[in-house]
Amino acid sequence: HYPEPLKASELATCCGLSEPHFRRIFEEQIHMAPMEFLNLVRIQKACKLMSKKDYSMDQVAAECGFLSVSTFARNFKKFLNTTPYQWKKEEEKTHSHLLNYNISALKGWNNLLGN
């Protein structure tokens, strides 16, 4: 469900936990905040989408769950240290950078986000 508008409180409810408890457990296990992880998943999906199809950045942002291109670009730069436009032009050089993120996602977390 990664493209859908999600909140940590909704994820906590799905897990039967309070939001603070959910956040604490999530960060202990995944080593990043729930919404940061969600944005990482969205950026990973955006990279796959941009490498396979010639979508506009508006289309990529919308399909990956970002409400605006500027939010998409800001998150993209946060994780990849480049803009989506630069990445698209130099895809071969920067594509592997996302693989450097060591996400120790436990069984269930990826299923919750639709991976």
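Up top you'll find the structure we're talking about.
These remarks concern the structure in this document. All residue numbers refer to positions counted from 1 along the written sequence of the respective chain. Where local features are concerned, this predicted model is filtered to residues with pLDDT of at least 70; where side-chain atom pairs are given and counted, the filter is 80 or more; whole-chain, interface and lining totals use all residues. Derived side-chain values reflect all non-hydrogen atoms in the structure, with water molecules and hydrogen atoms excluded from consideration.

Examining the side chain of arginine 42
Here is step 1: Position of arginine 42 among the secondary structure elements: in helix α3 (residues 34-52).
Here is step 2: Per-residue accessibility, obtained with a 1.4 Å probe over protein chains only, is compared with the maximum for each type, and a residue is labelled buried under 20%, exposed over 50%, and partly exposed between these values. When charges are tallied, Lys and Arg are placed among the positive residues and Asp and Glu among the negative ones, while His and the ends of the chain are skipped. Should a side-chain nitrogen of Lys or Arg be within 4 Å of a carboxyl oxygen of Asp or Glu, the pair is scored as a salt bridge. Despite its burial, arginine 42 pairs with no opposite charge; the closest candidate is glutamate 4, at 8.2 Å N-O.
Here is step 3: A distance of 2.8 Å separates a polar side-chain atom of arginine 42 from the backbone oxygen of glutamate 4.
Here is step 4: Only heavy atoms enter the contact rule, under which two residues are in contact if any of them lie within 4.5 Å. Residues within four places of arginine 42 in sequence aside, it is in contact with Tyr2, Pro3, Glu4, Pro5, Leu6, Cys64, Gly65 and Phe66. Each helix is a run of DSSP H or I of at least 4 residues and each strand a run of E of at least 2, with the numbering of both proceeding from the N terminus. Throughout this description, a polar contact denotes any pair of N or O atoms lying within 3.5 Å of each other; where both atoms belong to protein, one of them has to be capable of donating a hydrogen while the other can accept it, and for residues adjacent in sequence the pair is counted only when both atoms sit in side chains.

Description of the packing of aromatic side chains
Here is step 1: Centre distance within 6.5 Å is the pairing criterion for rings of Phe, Tyr and Trp, where only the six-membered ring of Trp is used; planes under 30 degrees apart are then read as stacked, over 60 as edge-to-face, and the remainder as tilted. Going through the model one piece at a time under the given rule, you end up with 5 aromatic pairs.
Here is step 2: Both rings, one in phenylalanine 72 and one in phenylalanine 76, keep their centres 5.7 Å apart while their planes meet at 70°; by these two values the pair is edge-to-face. Within this pair, phenylalanine 72 and its partner phenylalanine 76 are both found in helix α5 (residues 69-80), separated by 4 residues, close to a single helical turn.
Here is step 3: Aromatic side chains phenylalanine 76 and tryptophan 87 sit 6.1 Å apart centroid to centroid with 75° between the ring planes, which places their arrangement in the edge-to-face category. Taken together, the residues phenylalanine 76 in helix α5 and tryptophan 87 in helix α6 (residues 84-89) connect sequence positions 11 residues apart. Tryptophan 87 matches phenylalanine 76 in its accessibility class, with the two residues each being buried.
Here is step 4: Connected via pairs of aromatic rings, a cluster forms that spans Phe66, Phe72, Phe76 and Trp87.

Description of the packing of α3 against α5
Here is step 1: An axis is simply a line fitted to the C-alpha atoms; with a helix, the fit covers only the stretch in contact. Between two such axes, the angle follows the N-to-C directions and lies from 0 to 180 degrees. For the pair α3 and α5, interaxial distance at closest approach is 10 Å and the crossing angle is 95°. The orientation of α3 with respect to α5, classified from their angle, is roughly perpendicular. The segment α3 lies against α5, with Glu36, Asn39, Leu40, Ile43, Ala46, Cys47 and Met50 engaging Phe72, Asn75, Phe76, Lys78, Phe79 and Leu80.
Here is step 2: Polar here means any residue outside two lists: the nonpolar Ala, Val, Leu, Ile, Met, Phe, Trp, Tyr, Cys and Pro, and the charged Asp, Glu, Lys and Arg; Gly therefore counts as polar. Taken together, the residues that form the contact of α3 with α5 break down as 9 nonpolar, 2 polar and 2 charged. Our angle categories are set so that under 35 degrees counts as roughly parallel, over 145 as roughly antiparallel, 65 to 115 as roughly perpendicular, and the remainder as oblique.

Structural notes on the pattern of salt bridges
Should their charged atoms come close, side chains of opposite charge can pair.
Here is step 1: Within the structure shown, the criterion is met by 2 salt bridges.
Here is step 2: Here glutamate 19 ties to arginine 23 by a salt bridge, and the two come within 2.8 Å at their closest N and O atoms. Placement of both glutamate 19 and arginine 23 in helix α2 (residues 19-30) is noted, with a separation of 4 residues, approximately one turn of the helix.
Here is step 3: Relative accessible area serves as the criterion here: at 30%, glutamate 19 is assigned to the partly exposed category.
Here is step 4: Its salt-bridge partner being glutamate 36, residue lysine 78 comes within 3.8 Å of it at the nearest N-O pair.

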